[in-house]
Structures are given as C-alpha cells and as structure tokens.
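What follows is the residue order along each chain.
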Amino acid sequence: MLTTINIESPRQPEIAELLRLSGDCAHSLYPPESNFLLDVDELEQPGVAVYVVRDATARALGIAALVGGAGTTSAAELKRMFVHPDARGRGVAARLLAGIETDAAARGIREIVPETGPESYAALSFYRSVGYREVPLFGQYVGEAFSVCFAKTIPGTRP
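A few points on the structure. Since the structure is predicted, the reported quantities are computational estimates derived from the model, not experimental observations.

In this model, the largest pocket occupies a volume close to 830 Å³. For the lining of the largest pocket, the elements supplying multiple residues, two or more each, are α1 (13-29), β4 (75-83), α3 (92-106), β5 (111-116) and α4 (121-129). With six residues, β4 is the largest single contributor of residues to the lining of the largest pocket. Looking at side-chain class alone, the lining of the largest pocket contains 20 nonpolar, eight polar and six charged residues.

Dropping the structure here:
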C-alpha cells in the first residue's frame, strides 16, 4: 500500500470525518472533562501542523497534529493521532508517526510527547512498540486520572 504523508488543512471533508471518528472514540472511553481534543479552529493555529497519511488513491487513512516545538522549547506535543478503522493493522500509524518524527527532526524538534488514556489499549501498546517511554503527567494533564503521557527523543537529536 503506497502512502504519502503531508501537512494539510484540517478543513477538508475527509479530515473532518477522521476528527469526528476520533472524537467519538474518545468520548466512548472517557468523560467529557477528560478529553483534551483540539478542534478544527485550534488545529489551524500557528505552531500546529496537521499531518495526513493517504493511500495510493489519495484516500485519507489517518491524521495527527504536532503542536509547538518552535521558539523556546524543543519538544512538541502529538495530538489527535488517529487511523481510520478500515486502515488499522496495516502499519499506517507507524508510517505516519515515522514521517512526523522525520519532519520534526528537520524542524529542530528534539522530543515528541503524546498523551493518551489508560483505556486506549491499542495506543498504549503502539507508543511503547515504537520507542516511546511513559513519563510523568505534564501540563494540562497533571492530576488527570484518565491520562497517560509518553515521550521520545527523536533519533539523530540530543536531549
């Protein structure tokens, strides 16, 4: 399955559908106050890059946003990582994240820090399998019972 990974606008019907599916999944697992999802307006803010992975037919298979990493910090938060249910189990998430890590390194980002929840078993397993380590809760997640935070130093960079 050939794929492309590009930074795109979140205001596209296919992307809106992936965001809706992602939100539905999060809301089915956690209470509303424990969901830290960025909406389309937030995804369009400066310092946010929305990555879209597409197959050979240009169908959007997955998304993720990288927030921050410019200016005073060398870390960026990974948000809204989601692969369409029809595309799961085919390595789409790993290809998407590898593409993001490569781009992050080129932009001088030394660390990527995602947050997920304790009931998101596939996400927990995935992050661990691609070299992310569990870290103490940070930022808005401090004290949040439904958050698990990870971090990974980007290959080729130093902490």
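Once the structure has been displayed, the description carries forward.
This part covers the packing of aromatic side chains. For the structure on display, the rule yields six aromatic pairs. Taking the centre distance of 5.4 Å and the plane angle of 90° together, the rings of Phe138 and Tyr141 count as edge-to-face. On the basis of relative accessibility, which here comes to 23%, the residue Phe138 falls in the partly exposed class. Given a relative accessible area of 1%, Tyr141 falls into the buried group. Cluster of aromatic residues (ring-pair linked, three or more members): Phe126, Tyr127, Tyr132 and Phe150.

With that out of the way, let us pick up the sheet that holds strand β7 (residues 148-153). Pairing between the strands of a sheet is mediated by backbone hydrogen bonds and can be parallel or antiparallel. With respect to topology, seven strands assemble into an open sheet ordered β1-β2-β3-β4-β5-β7-β6, the strand pairing being mixed. Edge positions in the open sheet fall to β1 (3-7) and β6 (133-135), since each of these has one partner strand only. Between one strand and the next, the sheet's axes are offset by a mean angle of 30°, whatever the strand orientation. With five bridges connecting them, β1 and strand β2 (residues 48-55) associate as antiparallel partners. Note that in β2 the partner of Thr4 across the bridge is Arg54. Contacting β2, β3 (60-68) and β4, α1 runs over the sheet at an angle of about 80° to β3.

About the thresholds
- Residues numbered from 1 in each chain as written.
- Predicted model: local features only at pLDDT ≥ 70, side-chain atom pairs only at ≥ 80, totals over all residues.
- Heavy atoms only, no water.
- 1 Å grid on protein atoms, 1.4 Å probe; cavity = no way out; pocket = protein on both sides within 12 Å on 5 of 7 lines; lining within 4 Å.
- Points joined across faces, edges and corners; volume = space filled by probe spheres on them.
- Helix = DSSP H or I, 4+ residues; strand = E, 2+ residues; numbered from the N terminus.
- Nonpolar A, V, L, I, M, F, W, Y, C, P; charged D, E, K, R; others polar.
- Phe/Tyr/Trp six-rings, centres within 6.5 Å; stacked < 30°, edge-to-face > 60°.
- Buried < 20%, exposed > 50% of the residue type's maximum accessible area, 1.4 Å probe, protein only.
- Pairing = 2+ DSSP bridges.
- Axes fitted to C-alpha atoms, helices over the stretch in contact; angles between N-to-C directions.
- Contact = heavy atoms within 4.5 Å.

Honestly, that's just the spatial picture; any functional story needs more than this.
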